[in-house]
Amino acid sequence: MDPNYSKCWSASKKESWKNILLLAFQSLGVVYGDLSISPLYVFKSTFAEDIHHSETNEEIFGTLSFVFWTLTLVPLFKYVFIVLRADDNGEGGTFALYSLICRHAKVSLLPNRQVADEALSTYKMEHRPEKKSSSRAKLFLEEHKSLHTALLILVLVGTCMVIGDGVLTPAISVFSAVSGLELSMSKEHHQYAVIPITCFILVCLFALQHYGTHRIGFLFAPVVLTWLLCISSLGLYNIFSWNQQVYKALSPYYMFKFLKKTRKSGWMSLGGILLCITGSEVMFADLGHFSYDAIQIAFTFLVYPALILAYMGQAAYLSMHHDASSQISFYVSVPEIVRWPVLIIAILASVVGSQAIISGTFSIINQSQSLGCFPRVKVVHTSNKIHGQIYIPEINWLLMILCIAVTIGFRDIKHMGNASGLAVMAVMLVTTCLTSLVIILCWHKPPILALSFLLFFGSIELLYFSASLIKFREGAWLPILLALFLVTIMFVWHYATIKKYEYDLHNKVSLEWLLALGPSLGISRVPGIGIVFTNLTSGIPANFSRFVTNLPAFHRTLVFVCIKSVPVPYVPPAERYLVGRVGPPAHRSYRCIVRYGYRDVHQDVDSFESELVDKLANFIRYNWSQSPVNFDSVNEDGGSRSSEGRLAVIGMLASDFDLEESVRPESVSVSFPTVNSVSDVIEMENVGVVDKRVRFAIDESNSDSESEFSATFAADALLQEELQELFEAQQAGTAFILGHSHVKAKQGSSILKRLAINYGYNFLRRNCRGADVALKVPPVSLLEVGMVYIV
């Protein structure tokens, strides 16, 4: 789904509603696949062992009351009416909330931050009046560095629980759908058929991931729509056929009666009831693919009523069939004449729901990798037209193995439901905590309002979370184990990444050292472009000094490239490149900072190389037009003096830039101090706005006009010379210079740090994709520089 497509309803009111309804229909297959298949296993998980169905129907009606109010309070009130409004430029999810908080308070642990990033159009912040109470909370959060780490760990826990849900949801969804065969087969055949069929479907599902969903994605929404119409029709049929008084169970009084009668076993059974809201988080996570109105309309007017009717129909049937208490499941309430068609639709719907969570797992791992919180893995973009459709081979096969292991290991819905329920509630608790901070820091609401939100929804989710946690030995241990394992990996990788950056920062080389390199020191300049990748936004990286020390030569055109992540979802292409000089123009050295958001698609090296040269050419034209040559400041090499640190945002400048035309800056240059206390001057130009110079012929000879003409002519000559050298260097070839690092903990470090750095990080570094693979650098153009980091 193209994210720009969600903005297409602004044309006219008639088209607006047409596009919103179309997006609402399309959202069914992407957003609601997981949530819509929950009726397959909620009642069966609830009545697995803890409570039993009696003739008074208090258990059935109490469960229905819990399901109704849980669906109403959490997905409808919390997500649809509150959390969906906490979007980050239209994007949702855990990282969207975290980036919002990081932009409004200085709590981010990301390295190489620049105040210049705040000039991005997607870095917009609400300019509501900040109240004293919210400013006090902001200052308290900013002053305590331990809270920054705690916030990051909280985000990582939520992220890891989403990944754990990506393991559990396909297993429980497909297994529940296939288990409908138990009513059409003997028990002996059934127990040997369900597991193999489930595993076969899961293998096929994961094996087809590398093709992407854009070819069959148009079928997802019709499948889910058919399933929702199917379960709502079955619900109405069962209500009118068996018990028309079932609507009384919607009263919260039946929840009280349920807990009063069942006591501890009823509280433990809440771990099955909470499965009715599995997939609610996807509404917020996939907000960027659709719109707030589309998701709100689809859930409020279709998904929510269909689910309520489905649960009421199951309760109405079970209330009149007490003899079937040993077989409480979705399929017992399906008339035998339509059981096979419903089974086929259920399997298709479970596959669609599983596909949604698998794609979400790929997306969140890609975001974690962009923010330096996950080891580098190969990311394949399966569609050139539809943004955000990605495939990660290593993660895909790992998920498949874990899904099959869960299916074979648990072999029943109860244990799968316990595990899935705990993962779901953990993610929701994290979202509740982060949204509370957004209410204070971003919306500038009174803290009492955020506290009320936290206490009301947090208490509901803690109740369900405790019911799942008590079943630790009955399946709930799995998501906890997965989360601990993944959080450890992500935190170790993030910690080592920051330490490496700090090492680079303290060991960078001065500009004077670079300018002093020359024939007098035995250093020669060779034809071509040398692209030096670094994490630094200023200064000369230590890996380049190591390179020159061992190989006393470097390229005539030198570009220091920093690819960095910004806490925004997308960086517009016109604002992506910050370009500046390193030293005087005659040195032919440049700095280019390439900024990406956490949902941006990184370019491959071929398009990046050509686009980088275009941006450098545009910068050279722009720089000479903004800096008229003063012959008193021209050095003996023929270039004007220039200091490092002057950067310009280079957007879509006209390629046929002429000397008689100059780009007029839209705003005055301002000084932005970076984290490194380096002053970067960012010149924001109005892209495409051209200021034409008009000259008039004057009869009288004037020395000033002659000197101006001479300066203009000299600038033109120097401009053409620099551009000519740049294009000649491009023809000569490009070399990519990367650091090949080995990290060691300092002597005297704690045992925990030595284990994390010397063993944990280095093991991950050796067994994940290298920087050259992640950047798609061709091996023939790669120059690696060995570096040992003592952190």
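Residues numbered from 1 in each chain as written. Predicted model: local features only at pLDDT ≥ 70, side-chain atom pairs only at ≥ 80, totals over all residues. Heavy atoms only, no water.

A.B. asks: Hey, could you run me through the side chain of R595 in this one?
C.D. replies: You can see R595 is positioned in strand β6 (residues 589-596). In terms of polar contacts, R595 uses its side chain to reach the backbone carbonyl oxygen of E575, at 2.6 Å. Discounting residues that sit within four places of it in the chain, R595 has contacts with A116, D117, L120, K564, V566, V571, E575, R576, L578 and V649. (Helix = DSSP H or I, 4+ residues; strand = E, 2+ residues; numbered from the N terminus. Polar contact = N/O pair within 3.5 Å; in protein donor to acceptor, adjacent residues only side chain to side chain. Contact = heavy atoms within 4.5 Å.)

A.B. asks: How should the pattern of salt bridges be read in this particular structure?
C.D. replies: Close approach of charged atoms lets side chains of opposite charge pair. Counted according to the given criterion, the structure contains 11 salt bridges. The salt bridge partner of R581 is E722, with a shortest N-O separation of 2.6 Å. With a gap of 141 residues between them, R581 in strand β5 (residues 577-581) and E722 in helix α22 (residues 703-732) connect regions that are remote in the sequence. Each of E58, E59, K257 and K261 takes part in salt bridges that share partners, so that together they form one network. (Salt bridge = Lys/Arg side-chain N within 4 Å of Asp/Glu carboxyl O.)

A.B. asks: Sorry if this is basic, but what is going on with the packing of helix α9 (residues 220-242) against helix α13 (residues 292-319) here?
C.D. replies: How two helices sit against one another is set out by the angle between their axes and by the gap between those axes. Relative to each other, α9 and α13 sit at 40 degrees, their axes nearing to 7 Å. Relative to α13, the element α9 lies oblique. Two packed elements cross with a definite hand, and for α9 against α13 that hand is left-handed. Contact residues: L225, L228, I231, S232, G235, L236, N238, I239 and W242 in α9; L302, V303, A306, L307, L309, A310, M312, G313, A316 and Y317 in α13. Residue composition of the contact of α9 with α13, grouped by class: 15 nonpolar, 4 polar and no charged. (Axes fitted to C-alpha atoms, helices over the stretch in contact; angles between N-to-C directions. Parallel < 35°, antiparallel > 145°, perpendicular 65-115°, else oblique. Left-handed = near helix turned anticlockwise from the far one by under 90°. Nonpolar A, V, L, I, M, F, W, Y, C, P; charged D, E, K, R; others polar.)

A.B. asks: Sorry if this is basic, but what is going on with the confidence of the model for the protein chain here?
C.D. replies: Across the protein chain, pLDDT averages 81, with 82% of residues at or above 70. Across the protein chain, element-level confidence peaks in α9 with a mean pLDDT of 94 and bottoms out in strand β8 (residues 661-665) with 31. Below pLDDT 50 for its whole length, residues 1-15 participates in 26 contacts with residues either more than four positions away or in separate chains. Segment residues 653-701: pLDDT under 50, and 98 contacts once partners within four positions in sequence are set aside and those in other chains are kept. (pLDDT = per-residue confidence, 0-100.)

A.B. asks: Quick question: what am I supposed to make of the nonpolar core here?
C.D. replies: Generally speaking, a soluble globular protein has its nonpolar side chains buried in company with each other. Core analysis: the largest hydrophobic core is formed by 171 residues, its most contacted members being Y32, L40, L71, W227, F299, Y311 and F330. Residue contacts for L71: discarding those within four places in its chain leaves L76, C276, I277, F299, Y304, L307, I308 and Y311. Listed in part, the 31 residues of the second largest apolar core include F533, Y577, F619 and I650. (Core = buried A, V, L, I, M, F, W, Y, C linked by side-chain atoms within 4.5 Å. Buried < 20%, exposed > 50% of the residue type's maximum accessible area, 1.4 Å probe, protein only.)

A.B. asks: Please clarify how helix α20 (residues 542-550) should be interpreted in this entry.
C.D. replies: Each full turn of the α-helix corresponds to 3.6 residues, which orients residues three or four apart in the same direction. Residues of α20 that are buried include every one of A542, N543, F544, S545, F547 and V548, and no others. Considering only its buried residues, α20 is in contact with α19 (511-516), β3 (524-533), β4 (553-565), β12 (734-744) and β13 (782-790).

A.B. asks: Would you explain the side chain of Q367 in this entry?
C.D. replies: Residue position: Q367 is located in helix α14 (residues 339-370). Not counting chain neighbours up to four residues away, the residues in contact with Q367 comprise F95, Y598 and R599.

A.B. asks: Just checking my understanding: could you explain the pairing of β3 for this structure?
C.D. replies: Note on strand geometry: in a regular strand, side chains alternate between the two faces of the sheet. Of the pairings in the sheet, the one linking β3 to β4 comprises 8 bridges and is parallel in character. Bridged to V526 within β4 is H555. Here β3 pairs with β12 via 4 bridges, running parallel. Note on β12: the bridge partner recorded for V532 is I737. (Pairing = 2+ DSSP bridges.)

A.B. asks: Looking at this model, I keep getting lost on the packing of aromatic side chains. Mind explaining?
C.D. replies: Note on aromatic pairs: each is described by the distance of the centres and the angle between the planes. In this structure the tally under the stated criterion is 23 aromatic pairs. Taken together, a centroid distance of 6.1 Å and an interplanar angle of 75 degrees make the contact between Y253 and Y254 edge-to-face. Counting every residue linked through ring pairs, the aromatic cluster contains W513, F544, F547, F554 and F560. Here the basic side chain of R103 rests over the ring of Y123, its NZ or CZ set 5.4 Å away from the ring centre. Here K500 stacks its cationic end above the ring of Y789, 5.4 Å away from the centre of that ring. (Phe/Tyr/Trp six-rings, centres within 6.5 Å; stacked < 30°, edge-to-face > 60°. Lys NZ or Arg CZ within 6 Å of the ring centre and 35° of its normal.)

A.B. asks: Before we go on, may I ask you to explain the environment of V334 in this structure?
C.D. replies: Inspection of the secondary structure assignment puts V334 in the loop between α13 and α14. Setting aside residues no more than four positions away along its own chain, V334 makes contact with L234, R339 and V342.

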